[in-house]
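Below, each chain spelled out in residue letters.
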Amino acid sequence: MNKNIIIAGVGGQGILTIASIIDLAAMNLGLQVKQAEVHGMSQRGGAVESHLRISSEEIYSDLIPLGKADLILSIEPMEALRYLPFLSPEGVIVTATEPYKNIAHYPEEEKLMDTIKESATHLSVDAGLLARKAGSPKSFNVVMLGAASPYIGIETEELEKAIRLFFGRKGEEIVNVNTKAFRLGKEYATE
Amino acid sequence: MQKQLLLGAEAIAQAALDAGISGVYAYPGTPSTEITEFIQRSQPENGASVRSAWATNEKTAFEAALGMSYAGKRSLTCMKHVGLNVAADAFMNAAITGIHGGLVVTVADDPSMHSSQNEQDSRVYAKFAMIPVLEPANQQEAYDMTRYGFELSEKIKLPVMLRIPTRLSHSRATITRAIPREQNDLSPSGDKTKWILLPANARKSYQRLIEKQQELIDASDSSIFNKIIEEKGPMGVIAFGIAYNYTMEVVKTYNLPIAVLKISQYPLPKKLISQFTGKYSDILIAEEGYPVYEELLKGYFGNGKFRGKFDGALPRTGELTPNLLAKALKVDTEETRSIPSIVAGRPPMLCKGCSHRDLFDAINRVMEEYPEHHLFGDIGCYTLGALPPYNAISTCVDMGASITMAKGAADAGMRPALCVIGDSTFTHSGITGLLDAVNDNTPITVIISDNGTTAMTGGQNSAGSGRYYNICKGIGVEEEHIRPITPLKKNLEENSRILKEELNYQGVSVIISQRECIQTARK
């Protein structure tokens, strides 16, 4: 077992929640985990990414080498493309479709989606819609985790267990909303 | 013991708690902040308390840590690399006095300048001070070496530096904890010849420090953290700290027949280095940071068997990556995709609703009336006022430099001389500069942009909250020229008027622009 995942987004979007849930699931399975994240200046609305590596063997580098990522999980479409050099030839992009426009010259959305299509095997998800269906727009991230779950290399039950662990201290309702968000994302991916 | 998933920074914090520290002293600075934050939210399990509130700056932090050491207890001080510049006076002299209770100085370097103004290598400072450095490669080593650092410090009676780069500080992995140790008893040193650095004492202490160097080299030679990992030849790599990870990533992925010597404790282990370098004819020196030890091993006239940053095998600037190591080890890596041209840059920016935004609107409006626009800036979120749409700042050099540079420019005849400094930066290093201006009656206008917190590093307490008016008054700024304003859109007109009045005043004036940080207000 050996998975390299880039999780991408914009500072403040909460990509670390996704990383934490996968970390928990991997740890519970006794796998090795390394997860490099971005703190500091870029968290103020800049591009942020997390390099998440899971393996049954010892992991050396905290950074994924170029061309070795199995998955780019992005909660913003343009950010999905920023990390393309990391994607392996067989790698998959799973991205949310809703752009986060906090810059003056955000590219044309249609062209952006076309570029994603041309770039790699991809799945684009209207995560906002599914999050509202799950009962909270805040569960956007977890929808994306669900949509990417077939490519993470960890069983669904283990990820759901990690969601319960992660949100457990926030109460049963939050756990249920996020479990639902995860399942809606996963259903969308496997349809 | 239980396994925990921790950031490198948090592993250090947990280890310091488990090593029985009685206090941590630090000023926030990326990528070191999380060490102290972890200690603040997780006091030791045995009920003993650990002092952990933020210090005003790195120098006060270092000195307090040294005082705790004098009293016989273990203390940790943490800072980012440029923070060590601020603490350098205490740092250099603590190597001369030596310590009593164990003292570990954790310095987080920022190669690639993710959140910094330079990428200086703290190992140079440790060499300068002649103290040992521990440089972990991974999170478990960060934990183990912190604990070992306290033991080593008490054994050799010197402060020990623990050096980590951003990449380790901000990366998580599982660590296994050891059994926690009790705190030291209070047992003040009282050895006056050691602690009073009058020349007569200091000369002897400095001599002792020099004589101790062989013991430090021996400690490195017998350290479990320095070891030969692979012995295949004919090429070898001396991999320092985190460079070891990238080296091993490449060696394992491509199954390379390459010898690897891992170095994580300094000064350089003489026997081990000599044994390794004697065996191989082509040796890559992989260091995260400056080519400090490459220069030493290569020598001024350049021994050709050592490759590294001087001959371009590795780049001279920026952080290392597995791909850079692959290239240096002459591996043909697969071609990778490039970033599509449609992708636009997304730099960080001031938050929506941030008080600095309304302040910059007022500043830009007033400055329009002058032929030239100069605004001396400082270190903090408001440095982002340098970027569009504001383009408001002319300088950003080091903590506190806004006030003193404005003073120097005013002395040279520049009018108006305007500067902006955050509340936390003002107490860190701004007050002394303001005092200089008051004593000279220099015509400068200082804006203290007070958002009530140390915002850039995540909202830590600010040392002088609620007291800026009194601080300015106390050091002699005339009360009629200390002008509080509230940076809000509706106040733009009034704030611009006040700013203009003070720019016209030919003496020291301070504008305290006060509104809570939008991030902390949300919490």
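Caption draft 1: Focus on the overall build of chain B. Along chain B, the regular secondary structure elements total 20 helices and 17 strands. The C-alpha atoms of chain B give 25 Å as radius of gyration, which agrees with the globular expectation for 523 residues (24 Å, within 12%). When each of the 523 residues of chain B is scored for burial, the buried share is 60%. In chain B, 78% of the contacts between residues at least 6 apart in sequence involve partners at least 24 apart.

Caption draft 2: Inspection of the overall build of chain A at higher detail. Helix and strand counts for chain A stand at seven helices and six strands. Counting from the amino terminus, helix and strand elements in chain A follow one another as β-α-β-β-β-α-β-α-β-α-α-α-α. Against the globule reference of 16 Å for 191 residues, chain A gives a C-alpha radius of gyration of 16 Å, in line with a compact fold. Considering only C-alpha atoms, chain A reaches an extent of 40 × 40 × 35 Å along its principal axes.

Caption draft 3: Structural context of the domain arrangement of chain B. Along its sequence, chain B is organised into domain 1 (3-211), domain 2 (227-328) and domain 3 (355-522). Each of domain 2 of chain B and domain 3 of chain B has a C-alpha centre, and these two points are 47 Å apart.

Caption draft 4: Just the sheet that holds strand S8 (residues 227-230) of chain B, in detail. Residues and elements named next belong to chain B. The sheet built from five strands is open, its strands ordered S8-S10-S9-S12-S13 with mixed pairing. Bordering the open sheet on either side are S8 and strand S13 (306-307), each of which pairs with just one other strand. The pairing of strand S9 (residues 235-240) with strand S10 (residues 258-263) spans six bridges and is parallel. Within S10, the residue paired with Met 235 across the bridge is Ile 258. Here helix H12 (residues 270-279) sits on the sheet in contact with S8, S9, S10, strand S12 (282-286) and S13, set at roughly 165 degrees to S10.

Caption draft 5: Broad picture of the packing of aromatic side chains. Residue and element names in this part refer to chain B. Scanning the model with the defined rule gives 13 aromatic pairs over all chains in all. Where Tyr 266 meets Tyr 293, the ring centres are 4.9 Å apart and the plane angle is 40 degrees; that geometry is what we call tilted. In this pair, Tyr 266 is assigned in strand S11 (residues 265-266) and Tyr 293 in helix H13 (residues 292-298), connecting sequence segments 27 residues apart. As far as burial versus exposure is concerned, Tyr 266 and Tyr 293 are alike and both buried. Residues Phe 360 and Tyr 390 carry aromatic rings whose centres are separated by 5.7 Å and whose planes lie at 35 degrees to one another, so their mutual orientation is tilted. In this pair, Phe 360 is assigned in helix H15 (residues 355-367) and Tyr 390 in the loop between H15 and helix H16 (401-411), connecting sequence segments 30 residues apart. Of the two residues, Phe 360 and Tyr 390, neither departs from the other in class, the shared state being buried. Put simply, the rings of Phe 62, Phe 91 and Tyr 125 touch in pairs and so form one group of aromatic residues.

Caption draft 6: Region of interest: the nonpolar core. Residues and elements named next belong to chain B. Within the largest apolar cluster, 108 residues are counted, with the highest numbers of intra-cluster contacts made by Phe 62, Leu 76, Met 161, Ile 238 and Leu 329. Among the elements that take part in this core, helix H4 (residues 81-97) stands out by supplying eight residues, more than any other. Counting only domains with at least three residues in this core, you end up with domain 1 (3-211) and domain 2 (227-328). Every residue in contact with Leu 329, bar those within four places of it in the chain, is listed here: Met 235, Val 237, Val 250, Leu 256, Ile 258 and Leu 284. In this structure, Leu 350, Leu 375, Cys 381 and Ala 455 belong to the second largest nonpolar core, which totals 50 residues.

Caption draft 7: Looking closely at the sheet that holds strand S2 (residues 21-26) of chain B. Residues and elements named next belong to chain B. Reading across from one edge, S2-S3-S4-S6-S5-S11 is the order of the six strands in this open sheet, with mixed pairing throughout. Looking at strand neighbours, the two that pair on one side only are S2 and S11, the edges of this open sheet. In the sheet, strand S5 (residues 133-134) pairs with S11 via two bridges, with the strands oriented antiparallel. In the strand pairing of S11, Val 133 is matched with Tyr 266.

Caption draft 8: Up close: the confidence of the model for chain A. Averaged over every residue, the pLDDT of chain A is 95; residues scoring 70 or more account for 100%. When pLDDT is averaged over each element of chain A, strand S4 (residues 69-74) of chain A comes out on top at 98 and helix H1 (residues 15-28) of chain A at the bottom at 95.

Caption draft 9: Broad picture of helix H9 (residues 199-211) of chain B. Residue and element names in this part refer to chain B. Between its first and last C-alpha atoms H9 spans 18 Å; for 13 residues at 1.5 Å apiece the expected length is 18 Å, and the two agree. Burial in H9 covers these residues: Asn 201, Ala 202, Ser 205 and Leu 209. In an axial view of H9, the angular spread of the buried residues amounts to 95 degrees, which keeps them on one side of the axis. Away from its buried face, by an angle of more than 90 degrees, H9 presents the exposed residues Arg 203, Lys 204 and Glu 211. The inward-facing, buried residues of H9 contact H4, helix H5 (122-129), helix H8 (192-195) and helix H10 (213-221).

Caption draft 10: Local environment of the environment of Ala 326 of chain B. Residues and elements named next belong to chain B. Take Ala 326: it is sitting in helix H14 (residues 322-328). Judged by relative accessible area, Ala 326 falls into the buried class, the value being 3%. Note: C-alpha distance between Ala 326 and Asn 138 (188 residues apart in sequence) is 20 Å. The residues touching Ala 326, leaving out its near neighbours within four places in the chain, are Val 250, Val 331 and Thr 333.

Caption draft 11: Focus on the pairing of strand S15 (residues 445-450) of chain B. All names here are of chain B. Counting buried residues in S15 gives six out of six residues, a clear majority hidden from the surface. Alignment of strand S14 (residues 418-422) against S15, held across five bridges, turns out to be parallel. Bridge pairing links Leu 418 to Thr 445 in S15. Remark: the S14/helix H17 (residues 423-440)/S15 crossover connection has right-handed handedness. Here S15 runs beside strand S17 (residues 509-514); their pairing, made up of six bridges, is parallel. Residue pairing for S17: Asp 450 is matched across the bridge by Gln 514.

Caption draft 12: Broad picture of the interface of chain B and chain A. On the chain A side, the residues contacting the 49 residues of chain B number 47 residues. Where chain B abuts chain A, roughly 4100 Å² becomes buried across the two surfaces, and 58% of that area is made up of carbon and sulfur atoms. Residue Glu 37 of chain A is joined to Arg 172 of chain B by a salt bridge in which the shortest nitrogen-to-oxygen separation is 2.8 Å. If you look at where chain B meets chain A, you find 20 residue pairs in polar contact (both at pLDDT 80 or more).

Caption draft 13: Quick look at the pairing of strand S7 (residues 171-176) of chain B. Note: strand S2 (residues 32-36) of chain A against S7 of chain B, three bridges, orientation antiparallel. Following the sheet pairing, Ala 36 of chain A is matched in S7 of chain B by Ser 171 of chain B.

Caption draft 14: Highlighting unusual backbone geometry. Residue and element names in this part refer to chain B. The omega torsion across Tyr 266 and Pro 267 is 5 degrees, close enough to zero to call that bond cis. Following Pro 388, the chain continues to Pro 389 via a peptide bond in cis, the omega torsion being 5 degrees. With respect to the secondary-structure elements, Pro 389 resides in the loop between H15 and H16. Phi angles above zero are rare outside glycine, and Met 113 is one such case at about 50 degrees. Counting through the fold element by element, Met 113 comes out in the loop between strand S4 (103-109) and H5. At Asn 441, a residue that is not glycine, the phi angle is positive and equals roughly 45 degrees.

Cut-offs and rules
Residues numbered from 1 in each chain as written. Chains lettered and ligands numbered in written order. Predicted model: local features only at pLDDT ≥ 70, side-chain atom pairs only at ≥ 80, totals over all residues. Heavy atoms only, no water. Helix = DSSP H or I, 4+ residues; strand = E, 2+ residues; numbered from the N terminus. Rg over C-alpha atoms; globule rule 2.2 N^0.38 Å. Buried < 20%, exposed > 50% of the residue type's maximum accessible area, 1.4 Å probe, protein only. Contact = heavy atoms within 4.5 Å. Domains from an automatic or database assignment. Pairing = 2+ DSSP bridges. Axes fitted to C-alpha atoms, helices over the stretch in contact; angles between N-to-C directions. Phe/Tyr/Trp six-rings, centres within 6.5 Å; stacked < 30°, edge-to-face > 60°. Core = buried A, V, L, I, M, F, W, Y, C linked by side-chain atoms within 4.5 Å. pLDDT = per-residue confidence, 0-100. Expected span 1.5 Å × (residues − 1). Arc of directions from axis to C-beta. Right-handed = clockwise from strand over helix to strand, strands pointing away. Buried area = accessible area lost by both parts, 1.4 Å probe. Salt bridge = Lys/Arg side-chain N within 4 Å of Asp/Glu carboxyl O. Polar contact = N/O pair within 3.5 Å; in protein donor to acceptor, adjacent residues only side chain to side chain.

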